[in-house]
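# Working through the structure, step by step
Chain residues, written in single-letter form:
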Amino acid sequence: MDSTGVPHILEHTVLCGSQKYPCRDPFFKMLNRSLSTFMNAFTASDYTLYPFSTQNAKDFQNLLSVYLDATFFPCLRELDFWQEGWRLEHVNLSDPQTPLTIKGVVFNEMKGAFTDNERIFSQNLQNKLLPDHTYSVISGGDPLCIPELTWEELKQFHATHYHPSNARFFTYGNFELEQHLKQIHEEALSKFQKIEPNTMVPAQQLWDKPREFHITCGPDSLTTDASKQTTVSVSFLLPDITDTFEAFTLNLLSSLLITGPNSPFYKALIESGLGTDFSPDVGYNGNTREAYFSIGLQGIAERDVQTVRDLVDRTIDEVVQKGFENEQIEALLHKIEIQMKHQTTNFGLALMSYIASCWNHDGDPVELLQMGSHLAKFRQCLKENPEFLQEKVKQYFKNNQHKLTLSMKPDDKYYEKQSQMETEKLDQKISSLSQEDKQQIYEKGLQLRDQQSKPQDASCLPALKVSDIEPTMPFTELEVALAAGEIPVQCCAQPTNGVVYFRAFSNLNTLSEELKPYVPLFCSVLTKLGCGNLNYREQAQQIELKTGGMTISPQVLPDESHLDTYEQGVLFSSLCLDRNLPDMMHLWTEIFNHPSFDEEEHFRVLVKMTAQELSNGIPESGHVYASLRASKTLTPVGDLAETFSGMDQVRLMKRIAEMTDITSVLKMFPRIKKHLLKCDNLRCSVNATPQQMSQAEKEVENFIRSIRGSKKERKPVRPHVVEKPIPSGSGADGSQMIRKLITEPTFKPWQMKTHLLMPFPVNYIGECVRTVPYTHPDHASLKVLARLITTKFLHTEIREKGGAYGGGAKLSYNGIFTFYSYRDPNSVETLQSFEKAVDWAKSGDFTQQDIDEAKLSVFSAVDAPVAPSDKGLDHFLYGLSNEMKQMHREQLFAVSHDSLTAVSDKYLGVGKSTHGLAIVGPENEKISKDPSWIVK
């Protein structure tokens, strides 16, 4: 047992070819030979999961066959191990005199993963709280240990672990179960004899006294207050997760302790002002054989570590004495009821993830899914013993000696030291090489590059054909009615399982430019500061008791036919059980009419949390931030999108979080409210069952009547406003929804190259090109081209050869064509790969089979299932009618070899369209010497 990442590297390598499908990389090839709605593989701390889903029965058989063969009969070739795991390779492959470096997909993936300080903390927390067995190592691989793994050890791990006696199968959906069972039996199970796998994880020895550890991490480059970057948490080991009712109870108890402003730990820790947010991995964690609960703070001063520990102990004592209010428990049980009714498109996958850990340790998965009976038993226990929950707190938290205190603080030289250790590891590897080894590394490196560059024959793999795709899409039935005589309401009757979904959209056209950057913050706190006669705690309680959540988000909605035209506004969304609809609409009325902006202390708490979340999210979404910045100067939409959700917004939030006096920001909110929370320019939508619809329409009408304020007409800030009716779904009275779009007829795109400096050891890269809007016939060709370039060119260049964790091309609805890479050891070289990709596309060096595969892949996204709650949403927001989508579908079918080479040249060729470039990543010598780059 070690941290070489053998289970993770094996997960990658089994997908590189198998006995029945010996071609290279069947996994990535099947992405384009199938209409899968999901395909992936995950390595947890003690199991690896290989999930896929599709709506096509033939496709399901194909994918099952490929996955079964990959897991049970993989080739595990040495060169695949080199590519996916780690290898020594010359900087210049054809010159054995150049220095050797360490490369490999998993090696770089894990280097990227550990640039995330939350990941470093969570990983150490698990390793130190459960030190006896498999949880003490990093199953994904520690970049400093990965180079210790040998190809022989990889094959050995497969031989001992990947056997049907050590496997579990899960299917969900409405295809024939007998058919799956027959196929699994014939293609895998029948070829093995039963064995006793020796993979049980023993119980952790319980400690007789608490322990503590201190660790370090990289600095947060966005914080100006370097003295407040410490994280501390207190964690408790809990019972075995196979005791399903105890696990259910502790999970609920955890929610009561930490969720929302009424919970004891929120009051004690978050509102103490000592830190910015809860520590990573807060709450109940049931992914290990014995669960654990963790509580703490991040963004604190080092001197406050003891204070936080004392607050944790004191809060536990208080809960043991006072317990919880009945209304808090009811709110939580209501939340579970709504979660059980709310339908998502990944429900099967969510169930599988929910049962995986427990089942892996021989718990009963069926018992685990019987939420209804667990809830009934929970209510019964509370009824019989009002102190039921307090006793659990006493048992598992107050009197628990298996308690770990973990603190982490940044070290300015952290990445330097990591890099130093990596260099030492490399030197040690090189010094032990004989001349013969060196020759072999050189030859194998050339051999791998040769293998990666060769055209590949994938004919052994099963595939759907373009003719398997439905020629027409199912139309969504909608109606639009006018409420209160003037406000359009879109009604979409759907099987929503007794849940009502309400949305409203209000545009921002009259809001001044200086206030716009503050709109995202306004949206995120509006439902959290109190309203009417409710303070923020009471409001939170009501939202939990009566709704499944109320969210507000800024929106920049591109026009479907003009790149320089867009709608800007805010989307209000909420859901509730039908019995609570009047209460939910009353809450919205109060939020619109009487929002409270006086809770300055609580506002500061919310600001700090938002800023911390944004900053923590950068390592996960670096490529998104790079792409947003790269498209900033290409369309008016890009500029506003960067303001609302790009790096500009992250930095603004950090600045606000560090202001000593934030009243100036709060004072802007009543001004924003005047423009946003009013009837003019509002449109609403309701998704509910046909039986609920007339009641829902009445409630929406009441809401609209109650928010009608003064009819003061405000002028749009930008002079060019186009009124555009939304095409279909007009009501019997001819009522329509009208979108008020901003158009910028004089807009001129220009090229900008930005290097956003971050102290990471890897890069995230985005290059964006301005092309054409959704209804333009070339849009469909560019969409297929993006898939073609990704799978036939960039995947090999950026991931296989370059060693980045991911990369590719995509075309967005807004007409921006984006090349990107993720956790990439290279920078300028990747930008050159993007250029080469365009040359390759222009040359037309691809076959009809390649085009058909790209189409399959595009259609699997176009035809991905849509939940009942979201049906009609693209019509409501973007004005897309069923007819427009069908037209786009026909344009996708019609894409040809000629149209693909034509659009490559017309839009992507040098000097044809405006490009924007951005890199998020470390200092870069080549870029700093190039005056065309702006370094920020």
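Here is a short report on the structure shown in this document. Here the residue numbers are simple positions, counted from 1 along each chain's written sequence. Local features in a predicted model are, by the rule used here, given only for residues with pLDDT of at least 70; side-chain atom pairs are given and counted only at 80 or more, and totals for whole chains, interfaces and linings are based on all residues. Side-chain metrics in this entry use all non-hydrogen atoms of the structure; hydrogen atoms and water are not considered.

### With respect to the overall build of the protein chain
Secondary structure is summarised from DSSP: a helix means a run of H or I of at least four residues, a strand means a run of E of at least two, and numbering begins at the N terminus for each. In terms of regular secondary structure, the protein chain is built from 35 helices and 26 strands. Along the three orthogonal principal directions, the C-alpha set of the protein chain runs to about 85 × 75 × 60 Å. Residues classed as buried in the protein chain amount to 58% of the 936 residues present. A contact between two residues is defined here by any heavy atoms of the two lying within 4.5 Å. Within the protein chain, contacts between residues at least 6 apart in sequence are counted, and of these 81% link residues at least 24 apart. Accessibility throughout is a Shrake-Rupley quantity obtained with a 1.4 Å probe, and a residue counts as covered only by protein chains that appear here. Of the roughly 38,900 Å² of accessible surface on the protein chain, 51% is carried by carbon and sulfur atoms. This count recognises Lys and Arg as positive and Asp and Glu as negative, with His and chain-terminal groups excluded. For the purpose of locating charges, the reference atoms are NZ of Lys, CZ of Arg, CG of Asp and CD of Glu. Of note, the protein chain has its 95 positive side-chain charges centred 3 Å away from the centre of its 119 negative side-chain charges. For the exposure calls, accessible area comes from a 1.4 Å probe over protein chains only, and a residue counts as buried if that area is under 20% of its type's maximum, exposed if over 50%, partly exposed in between.

### Remarks on the packing of helix α31 (residues 848-862) against helix α33 (residues 882-894)
Only the contacting stretch of a helix is used when fitting its axis, a line to C-alpha atoms as for every element, and angles between N-to-C directions run 0 to 180 degrees. The geometry of α31 relative to α33 is characterised by a closest axis approach of 10 Å and an angle of 165° between their N-to-C directions. With respect to α33, the element α31 is oriented roughly antiparallel. Between α31 and α33 lies a crossing whose hand is left-handed. Across from K855, V858, F859 and V862 in α31, the residues of α33 making contact are R889, L892, F893 and A894. A breakdown of the residues in the contact of α31 with α33 according to their chemical character gives six nonpolar, no polar and two charged. Here the word oblique covers every angle except those under 35 degrees (roughly parallel), over 145 (roughly antiparallel) and from 65 to 115 (roughly perpendicular). What makes a crossing left-handed is the near helix being turned counterclockwise from the far one by less than a right angle; a clockwise turn instead makes it right-handed. Residues were grouped as follows: Ala, Val, Leu, Ile, Met, Phe, Trp, Tyr, Cys and Pro as nonpolar; Asp, Glu, Lys and Arg as charged; and all remaining residues, including Gly, as polar.

### Observations concerning the side chain of D850
Within the secondary structure, D850 sits in helix α31. Judged by relative accessible area, D850 falls into the buried class, the value being 15%. Leave out the neighbours within four places in its chain, and D850 touches L788 and K792.

### Some remarks on unusual backbone geometry
Positive phi, close to 50°, is recorded for L76, a residue that is not glycine. Looking at L76, the relative accessible area reads 6%, which means it is buried. Its identity as a non-glycine residue notwithstanding, D362 has a phi of 65°, on the positive side. Among the residues examined, D362 registers a relative accessible area of 61% and is labelled exposed.

### Considering the sheet that holds strand β25 (residues 915-921)
In this analysis, strands are considered paired if DSSP registers two or more bridges between them. Ordered in space as β23-β24-β22-β25-β21-β26, the six strands form an open sheet in which the pairing is mixed. Looking at strand neighbours, the two that pair on one side only are β23 (806-811) and β26 (934-935), the edges of this open sheet. Of the pairings in the sheet, the one linking β23 to strand β24 (residues 816-824) comprises six bridges and is antiparallel in character. Bridged to A809 within β24 is F819.

### Quick word on the pairing of strand β11 (residues 290-300)
For a regular strand, the rule is simple: side chains alternate between the two faces of the sheet. By the criterion of burial, β11 is predominantly enclosed, with eleven of the eleven residues buried. Pairing analysis gives eight bridges linking strand β8 (residues 230-240) to β11, with the strands arranged antiparallel. Among the inter-strand pairings, V232 is bridged to a residue of β11, identified as L297. Sheet topology note: the strand β9 (residues 277-278)/β11 ladder contains two bridges and is antiparallel. Across the sheet, F278 pairs through a bridge with L297, a residue of β11.

### With respect to helix α25 (residues 647-657)
Counting buried positions over the eleven residues of α25 gives eight, a clear majority of the element. Among the residues of α25, M647, Q649, V650, L652, M653, K654, I656 and A657 are the ones counted as buried. At its buried positions, α25 is contacted by α19 (519-526), α22 (600-616), α23 (618-630), α24 (636-645), α26 (663-666) and β21 (753-757).

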